[in-house]
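Coordinate inspection notes
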Amino acid sequence: MKMTQVQLDQIKAQIKRVKACGNPFYTERFKNVNPDDIKTQQDFENLVPFCSKQDLRDAYPLGLSSVPQEEIVRIHSSSGTTGAPVIIPYTKKDVEDWATMFARSYELAGITNKDRIQITPGYGLWTAGIGFQAGCEKLGAMAIPMGPGNTEKQLQMMQDLEATVICATSSYALLLAEQVEKRDLGKNIKLKKGIIGSERWGEKMRNRIQKILGIELYDIYGLTECYGPGIGINCTEQTEGIHIYDDYLYIEILDPETGKPVPDGQIGEITLTTLVKEGAPLFRFRTHDLAAFIPEPCKCGRSYPRITPILGRSDDMVKIKGNIIFPSTIEEVIKTVPGTSSEYRALIEHVEGKDQITITVEVEGGTDRSEVALELAYNFKQKYNFTPIVKVVGEGELPRSEKKTKRIEDTRFN
């Protein structure tokens, strides 16, 4: 993706600012970088170092701050469960810019100030809930700030307050949809759209949620390190492309191993540079999220760069019998077998000197389970040259989550 002159100038200005702020984190990173030497996109790629999540952990707690302490109005922390947390400071402008991007995301999804938006992601240090709410209020819509859990209350408020939009992880959206179906509440709800984020989800899950609730679904993208959710979304054209707001972020898609740009349309690792962020600007932050650029212009007429839905994470990748496996890998095979539902779990183990993968998949009522097991095993063998153990259970038998769902568990190195 070609860098514009405006983006180049913004990046140079950011580097000059952080070099002058006296912060040891940035002083060390840019000690050998003269921003005046960055005259082209190629200069940027050659001179500006990558940034990793471990770099951010090492800066705990407020080592990323590039403004005086009195200008920090809020902090957030990433939702990761390993290592030291990543603390991100925000200035007043950062908070306002994030709300502006989030309101724009709602607008791209066709949501207006007449909508009533039920917000189920968590509040607190995590960026999710408060971001959904700030964008909602910036848009002028009615926020219903439920937060996670308490499904009984969620369903009650959904009906009583006539929510038209539900914001959730895909796992919790599925849980709510199944409860709506189980209790025959479809006739009582007014939902029209769903804004889904935080975890990747497959086509079968999307179709199931849409079918039960009768709504349009949108993929919202973001991460705490770079504002939070709301830095991109797919539009009402309902194509697969997620628009990324290049007036706030410069996006690269790179080969995870070489760090070099991949051709448009090829899968690589999303790498982000914040253009105007004050509290904790990031330069070439490697997200580990995998996607590809979509070079064709969107039918909606907007010029923001587009990427595919997130296909997985480079650090979620597992290798088994010479094959690279992502959640999307398994989903692609499952969807080829009639009667399978969206939910599955994969367990990878080392048994008696050999790698073994067991896939447990849900099926719809009335489906021949033996036939599904045989067909799934056969399709995996044909496509990836290994045969998993396949277990088939009824719809709703796998555990549901109010947050994210871990679908692949690899115990080989435990």
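Residues numbered from 1 in each chain as written. Predicted model: local features only at pLDDT ≥ 70, side-chain atom pairs only at ≥ 80, totals over all residues. Heavy atoms only, no water.

**Thoughts on the packing of helix H8 (residues 170-182) against helix H9 (residues 203-213)**
Note the following rule: Axis lines are fitted through C-alpha atoms, for helices just across the contact stretch, and the angle between N-to-C directions can take any value from 0 to 180 degrees. Here a helix means four or more residues in a row that DSSP labels H or I, a strand means two or more in a row labelled E, and each is numbered from the N terminus. Crossing handedness: left-handed means the near helix sits turned counterclockwise from the far one by under a right angle, and right-handed means the same turn made clockwise. What makes two residues a contact is simply this: any of their non-hydrogen atoms within 4.5 Å. Note on residue categories: nonpolar means Ala, Val, Leu, Ile, Met, Phe, Trp, Tyr, Cys or Pro, charged means Asp, Glu, Lys or Arg, and polar means any other residue, Gly included.
Here H8 crosses H9 at 35 degrees, and the two axes come no closer than 9 Å. Relative to H9, the crossing made by H8 is left-handed. Two secondary-structure elements touch here, H8 through Ser170, Ala173, Leu174, Ala177, Glu178, Val180 and Glu181 and H9 through Met205, Arg208, Ile209, Ile212 and Leu213. A breakdown of the residues in the contact of H8 with H9 according to their chemical character gives eight nonpolar, one polar and three charged.

**Side note on the side chain of Thr164**
Selection rule: Between N or O atoms, a polar contact is any pair within 3.5 Å; within protein, one atom must be a potential hydrogen donor and the other a potential acceptor, and residues adjacent in sequence are included only when both atoms are from side chains.
By the element assignment, Thr164 lies in the loop between helix H7 (151-160) and strand E5 (165-169). A distance of 2.7 Å separates the side chain of Thr164 from the side chain of Asp115, its partner in a polar contact. When residues no more than four places from it in sequence are discounted, the contact partners of Thr164 are Asp115, Arg116, Lys190, Leu191, Lys192 and Lys193.

**Some details on the sheet that holds strand E11 (residues 268-274)**
Put simply, the rule is: Criterion used throughout: strands pair if DSSP finds at least two bridges between them.
One open sheet accounts for four strands, arranged E10-E11-E12-E15; its pairing is antiparallel. Bordering the open sheet on either side are strand E10 (249-254) and strand E15 (312-313), each of which pairs with just one other strand.

**A short note on the packing of aromatic side chains**
Note the cut-off: Pairing of aromatic rings covers Phe, Tyr and the six-membered ring of Trp, with a centre-to-centre limit of 6.5 Å; geometry is then stacked below 30 degrees between planes, edge-to-face above 60, and tilted otherwise. With a 1.4 Å probe rolled over the protein chains alone, any residue whose accessible area is under 20% of its type maximum counts as buried; one over 50% counts as exposed, and the rest are partly exposed.
Within the structure shown, the criterion is met by eight aromatic pairs. Arranged with centres 5.6 Å apart and planes meeting at 85 degrees, the rings of Phe44 and Tyr250 form a pair that is edge-to-face. Here the residue Phe44 occupies a position in helix H3 (residues 41-47), and Tyr250 occupies one in strand E10, the gap between them amounting to 206 residues. The burial state of Phe44 is the same as that of Tyr250; both residues are buried.

**Describing the sheet that holds strand E19 (residues 354-363)**
Overall, mixed pairing links the four strands, which are arranged E20-E19-E18-E21 in an open sheet. Each end of this open sheet is capped by a strand with a single partner; those strands are strand E20 (389-394) and strand E21 (408-410). Across the sheet, the mean angle from the axis of one strand to that of its neighbour is 15 degrees, orientation sign disregarded. With three bridges joining them, strand E18 (residues 340-351) and E21 adopt parallel strand pairing. Within E21, the residue paired with Leu347 across the bridge is Glu409.

**Some words on the side chain of Ser341**
When you line up the elements, Ser341 lands in strand E18. On the basis of relative accessible area, Ser341 is assigned to the buried category, the value being 4%. Among the polar contacts listed, one links the side chain of Ser341 to the side chain of Glu395, at a separation of 3.2 Å. Once residues within four sequence positions are removed from consideration, Ser341 is found in contact with Lys204, Arg208, Ile334, Glu362, Val363 and Glu395.

**Structural notes on unusual backbone geometry**
Omega for the peptide link from Tyr60 to Pro61 comes to 0 degrees, which places this bond in the cis form. The residue Pro61 is located in the loop between helix H4 (53-58) and strand E1 (72-77) in this model. The backbone of Asn150 sits at a positive phi, close to 50 degrees, despite the residue not being glycine. On the secondary structure map, Asn150 appears in the loop between strand E4 (142-145) and H7. The phi dihedral of Tyr227 falls on the positive side, at around 80 degrees, and the residue is not glycine. Within the secondary structure, Tyr227 is located in the loop between strand E7 (216-223) and strand E8 (228-233).

**Topic: the nonpolar core**
Spelled out, the test is: Buried residues of nine kinds, namely Ala, Val, Leu, Ile, Met, Phe, Trp, Tyr and Cys, make up a nonpolar core once their side-chain atoms join them within 4.5 Å.
In this structure, Tyr106, Ile117, Ile195 and Ile307 are the most contacted members of the largest nonpolar core, which totals 67 residues. Leaving out residues up to four positions away in the same chain, Ile307 has contacts with Glu240, Gly241, Ile242, Ile244, Ile251, Ile253, Ile270, Ala291, Ala292, Phe293 and Ile294.

**A few points about the pairing of E7**
For E7, the buried fraction is high: six of the eight residues fall into the buried class. What sits between E7 and E8 in their antiparallel hairpin is a turn of four residues, with Tyr227 showing a positive phi close to 80 degrees.

**Quick notes on helix H11 (residues 369-384)**
What counts here: One less than the residue count of a helix, multiplied by 1.5 Å, gives the span that helix is expected to have. Along the arc lie the directions from the helix axis toward the C-beta atoms.
Over its 16 residues, H11 extends 22 Å from the first C-alpha to the last, a length consistent with the 22 Å expected when each residue adds 1.5 Å. Among all positions of H11, only Val372, Ala373, Leu376, Ala377, Asn379, Phe380 and Tyr384 are buried. Down the axis of H11, the sector holding all buried residues measures 165 degrees, keeping them to one side. For H11, the exposed residues set more than 90 degrees away from the buried face come down to Ser370, Leu374 and Gln382. Each element contacted by the buried residues of H11 is listed here: strand E17 (323-325), helix H10 (327-334), E18, E19 and E20. Structurally, the start of H11 carries an N-cap: the backbone nitrogen of Ser370 is 3.1 Å from a side-chain oxygen of Asp368. Once H11 ends, the next one or two residues include Asn385, with phi positive near 60 degrees.

**Section: the packing of helix H5 (residues 92-108) against helix H6 (residues 128-139)**
Rule in force here: The labels follow the angle: roughly parallel below 35 degrees, roughly antiparallel above 145, roughly perpendicular from 65 to 115, and oblique for the rest.
Their axes nearest at 7 Å, the elements H5 and H6 cross at an angle of 75 degrees. With respect to H6, the axis of H5 lies roughly perpendicular. Taken together, the residues of H6 that come into contact with H5 (itself represented by Trp98, Ala99, Thr100, Phe102, Ala103, Tyr106 and Glu107) are Ile130, Gly131, Phe132, Ala134, Gly135, Cys136, Lys138 and Leu139. Residues that form the contact of H5 with H6 fall into these classes: 10 nonpolar, three polar and two charged.

**Regarding the pattern of salt bridges**
Filter applied, for reference: We count a salt bridge whenever a side-chain nitrogen from Lys or Arg sits within 4 Å of a carboxyl oxygen from Asp or Glu.
Inspection of the entire model under this criterion finds 19 salt bridges. A salt bridge links Arg208 to Glu395; its shortest N-O distance comes to 3.5 Å. Residue Arg208 is found in helix H9, and its partner Glu395 is found in the loop between E20 and E21; the two are separated by 187 residues along the sequence. Ionic pairing is found between Glu252 and Arg284, a salt bridge with its closest N-O pair at 2.7 Å. Separated by 32 residues along the polypeptide, Glu252 in strand E10 and Arg284 in the loop between E11 and strand E12 (285-291) bring together distant segments of the chain. Arg284 shares its class with Glu252; the two are buried. Taken together, the salt bridges that share partners define one network made up of Glu178, Glu181, Arg208 and Glu395.

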